[in-house]
Amino acid sequence: MKWVFLFCLCGLFLVIGLGCSGVPRVTDSAAGFRAVRAEMEARPTVVVGSPAERQGIERLKLFLSRIDADSVRSQTLTVYAPDAYLNDTLVSRRGATNIQTYFQATVEAAESITANIEDVTRSADGFYYVRWTMDVRMKKVAAGETIRTLGMTLVRFDDQGRVLIHQDYWDSAAGLWDHVPGIGRGIRWIKGRLEQ
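Reading guide: rules and limits
Residues numbered from 1 in each chain as written. Predicted model: local features only at pLDDT ≥ 70, side-chain atom pairs only at ≥ 80, totals over all residues. Heavy atoms only, no water. Helix = DSSP H or I, 4+ residues; strand = E, 2+ residues; numbered from the N terminus. Buried < 20%, exposed > 50% of the residue type's maximum accessible area, 1.4 Å probe, protein only. Areas by Shrake-Rupley, 256 points an atom, 1.4 Å probe, with all protein chains shown as cover. Core = buried A, V, L, I, M, F, W, Y, C linked by side-chain atoms within 4.5 Å. Contact = heavy atoms within 4.5 Å. Arc of directions from axis to C-beta. Axes fitted to C-alpha atoms, helices over the stretch in contact; angles between N-to-C directions. Parallel < 35°, antiparallel > 145°, perpendicular 65-115°, else oblique. Left-handed = near helix turned anticlockwise from the far one by under 90°.

**Student:** How should I be thinking about the overall build of the protein chain in this particular structure?
**Tutor:** Of the regular secondary structure elements, the protein chain holds seven helices and six strands. N-terminal to C-terminal, the α/β element order of the protein chain is α-α-α-α-β-β-α-β-β-β-β-α-α. Across the 196 residues in the protein chain, those meeting the buried criterion constitute 38%. Just so you have it, the protein chain exposes about 11700 Å², and 61% of that area is on carbon and sulfur atoms.

Spelled out as structure tokens, the structure:
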């Protein structure tokens, strides 16, 4: 088994070596977020301690605590600003209606999605950190099993308390990919090799 692992590792290095040029490349997965952040920085944000801030936080907490067909239909367009940006590490969406469509597809694939909001903290630069534990039961992925993950959402509100930026940070491998047949087996195999 060690020989198979070493053979695969050597093959990986060979592929990487053949693909490398004299100029180092950078894969920047945060470029989209930085571009949206730069665009949104000039927009007015919610006033600290205002009713709009309190209402925005409460709307977001209520929405994230139980995401289902009814909440997506009735709450998404009031929680998110018309040109909001969402990245949940799986996809990026721009615009409240596109975010709503994405959430609709997500809840159709799920039996239940609930989150326990553990903490909301405001940073000096006007962003809010929402720490959560999420329980998800999918219809076709790990059917019948509750998948629990820890995560944090970075949020920026507009001056009306609607979400302008929603950037999630969570372990999508443990939260989803580990449970997909085929892919999950490969991820678990790689994790096992790295632990040795």
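**Student:** Explanation requested: the nonpolar core in the structure shown.
**Tutor:** Nonpolar side chains tend toward joint burial in soluble globular proteins. By size, the foremost hydrophobic cluster in this structure holds 40 residues, and its most contacted members are L60, Y80, F103, F157 and I165. Here the element with the most residues in this core is strand β4 (residues 128-138); it accounts for six residues. Here Y80 is in contact with L60, F63, L86, A96, I99, F103, R162, V163 and H166, once residues within four sequence places are set aside.

**Student:** What is the right way to read helix α4 (residues 69-79) from this model?
**Tutor:** In an α-helix, one turn spans 3.6 residues, which is why side chains three or four residues apart end up on the same side. Those residues of α4 that fall on the buried side of the exposure criterion are S71, V72, Q75, T76 and V79. The arc that holds every buried residue of α4, seen down its axis, measures 120°, which confines them to one face. α4 presents D70, R73 and S74 as exposed residues on the side facing more than 90 degrees away from its buried surface. Against the buried residues of α4 lie α3 (51-65), β1 (80-87), α5 (96-108) and β6 (163-170).

**Student:** Explanation requested: unusual backbone geometry in the structure shown.
**Tutor:** Note: most residues except glycine have negative phi, and most peptide bonds are trans. Even without glycine at this site, T89 takes up a positive phi of about 75°. Inspection of the secondary structure assignment puts T89 in the loop between β1 and β2 (92-94).

**Student:** Would you take a moment to explain the environment of M134 for this structure?
**Tutor:** The topology assignment puts M134 in strand β4. For M134, a relative accessible area of 16% translates into the label buried. Spatially, the C-alpha atom of M134 lies 4.1 Å from that of A115, the residues being 19 residues apart in sequence. In contact with M134, other than residues within four places in its own chain, are I113, T114, A115, I147, R148 and T149.

**Student:** Would you take a moment to explain the packing of α3 against α4 for this structure?
**Tutor:** Axes are the key here: two packed helices are described by the angle between their axes and the distance separating the axes. One can describe the packing of α3 onto α4 by two numbers: an axis separation of 10 Å at closest approach and a directional angle of 150°. By the angle between their directions, the pair α3 and α4 is classed as roughly antiparallel. As α3 runs across α4, the sense of the crossing is left-handed. Residues R59, L60, L62 and F63 of α3 touch α4, and the partners they reach there are S71, V72, Q75, T76, T78 and V79.

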